[in-house]
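# Overview (structure and organization)
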Amino acid sequence: ETGVTQTPRHLVMGMTNKKSLKCEQHLGHNAMYWYKQSAKKPLELMFVYNFKEQTENNSVPSRFSPECPNSSHLFLHLHTLQPEDSALYLCASSPRGGEAGNTIYFGEGSWLTVV
Amino acid sequence: KNQVEQSPQSLIILEGKNCTLQCNYTVSPFSNLRWYKQDTGRGPVSLTIMTFSENTKSNGRYTATLDADTKQSSLHITASQLSDSASYICVVSAGGSQGNLIFGKGTKLSVKP
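Read on for a plain summary of the structure. The structure presented is a predicted model; accordingly, all values stated were derived computationally and were not measured.

With that settled, consider the sheet that holds strand S1 (residues 4–7) of chain A. Where strands meet in a sheet, backbone hydrogen bonds hold them as pairs that are either parallel or antiparallel. Residue and element names in this part refer to chain A. One open sheet accounts for four strands, arranged S1-S3-S8-S7; its pairing is antiparallel. In this open sheet, the two strands that pair with only one neighbour each are S1 and strand S7 (64–70). Between one strand axis and the next, the sheet turns through 20 degrees on average, direction left out of account. Two elements, S7 and strand S8 (residues 73–79), share five bridges in a ladder whose sense is antiparallel. By the bridge assignment, Ser65 is partnered in S8 with His77.

According to the stated counting rule, one finds six salt bridges over all chains in the structure shown. One salt bridge connects Lys41(A) with Glu44(A), and the closest N-O pair in it is separated by 3.7 Å. By relative accessible area, which is 42% here, Lys41(A) ends up partly exposed. Between Glu54(B) and Lys57(B) there is a salt bridge, with its nearest N and O atoms 3.1 Å apart. We classify Glu54(B) as partly exposed; its relative accessible area is 23%.

Next up on the list: the layout of surface pockets. Roughly 1000 Å³ of volume is contained in the largest pocket. In terms of lining, the largest pocket is formed by 36 residues, of which the most central are Lys40(A), Lys41(A), Pro42(A), Lys105(B) and Gly106(B). Mapped by element, the contributors of at least two residues to the lining of the largest pocket are strand S5 (44–50) and strand S9 (87–94) of chain A together with strand S1 (3–7), strand S9 (86–93), strand S10 (101–103) and strand S11 (107–112) of chain B. In terms of residue count, S1(B) provides more of the lining of the largest pocket than any other element does, four residues in total. In the lining of the largest pocket, the residues fall into 14 nonpolar, 13 polar and nine charged. Estimated volume of the second largest pocket: approximately 150 Å³. Considering the residues around the second largest pocket, the lining is formed by Lys36(A), Glu44(A), Leu45(A), Met46(A), Asn58(A), Ser59(A), Val60(A), Pro61(A), Arg63(A), Phe64(A) and Asp85(A). By residue number, the principal contributor to the lining of the second largest pocket is S5(A), which donates three residues. Partitioned by chemical class, the residues of the lining of the second largest pocket number five nonpolar, two polar and four charged.

What counts, and at which threshold
- Residues numbered from 1 in each chain as written.
- Chains lettered and ligands numbered in written order.
- Predicted model: local features only at pLDDT ≥ 70, side-chain atom pairs only at ≥ 80, totals over all residues.
- Heavy atoms only, no water.
- Pairing = 2+ DSSP bridges.
- Helix = DSSP H or I, 4+ residues; strand = E, 2+ residues; numbered from the N terminus.
- Axes fitted to C-alpha atoms, helices over the stretch in contact; angles between N-to-C directions.
- Salt bridge = Lys/Arg side-chain N within 4 Å of Asp/Glu carboxyl O.
- Buried < 20%, exposed > 50% of the residue type's maximum accessible area, 1.4 Å probe, protein only.
- 1 Å grid on protein atoms, 1.4 Å probe; cavity = no way out; pocket = protein on both sides within 12 Å on 5 of 7 lines; lining within 4 Å.
- Points joined across faces, edges and corners; volume = space filled by probe spheres on them.
- Nonpolar A, V, L, I, M, F, W, Y, C, P; charged D, E, K, R; others polar.

Below is the structure:
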């Protein structure tokens, strides 16, 4: 139990579906992140939120839409995805935003399959 | 270009044996280096984090070393256990924002009985 909870753990969706991934952290952290992990590739940063404000968008296609209503919750809205978007999506948090020395705490991930 | 290279890609050892995983990086500027353990189907868990001035750091049976001059790090696992089977990811921070974390592809370790 890392203190970062992701739901659902597994999701299968069609290319025309709309779905959302949810992340909640119980650590009192101020920064939250979405990462994508594909097979045999390094983790790729998608989005960073510091104090609910988006501070980084790593050239992510618009079919991925993040939402951060408060410092404890983070969503990733999915719309008209492609099969190559199938991957493990990891949410993470850290104590303070934008500081390189912080340990990042990851959730268990949401396995997404696009059919 | 900032890069983190890990070797070997995969490794199989017998339970009770020691092993060493390697990480070479070309990241500038350098802020810190982290090792994460990722069990299959789960999120990565932090093992160690080292800054420029630290040469070694231990976490139980895991010992990480850092040579900032040669830009190399290693993770040594002592008396391996079946539960050590996982991917081990080296991550280097280029400082500044968290967006400057450079991830390696990981080394997949299998510990056999």
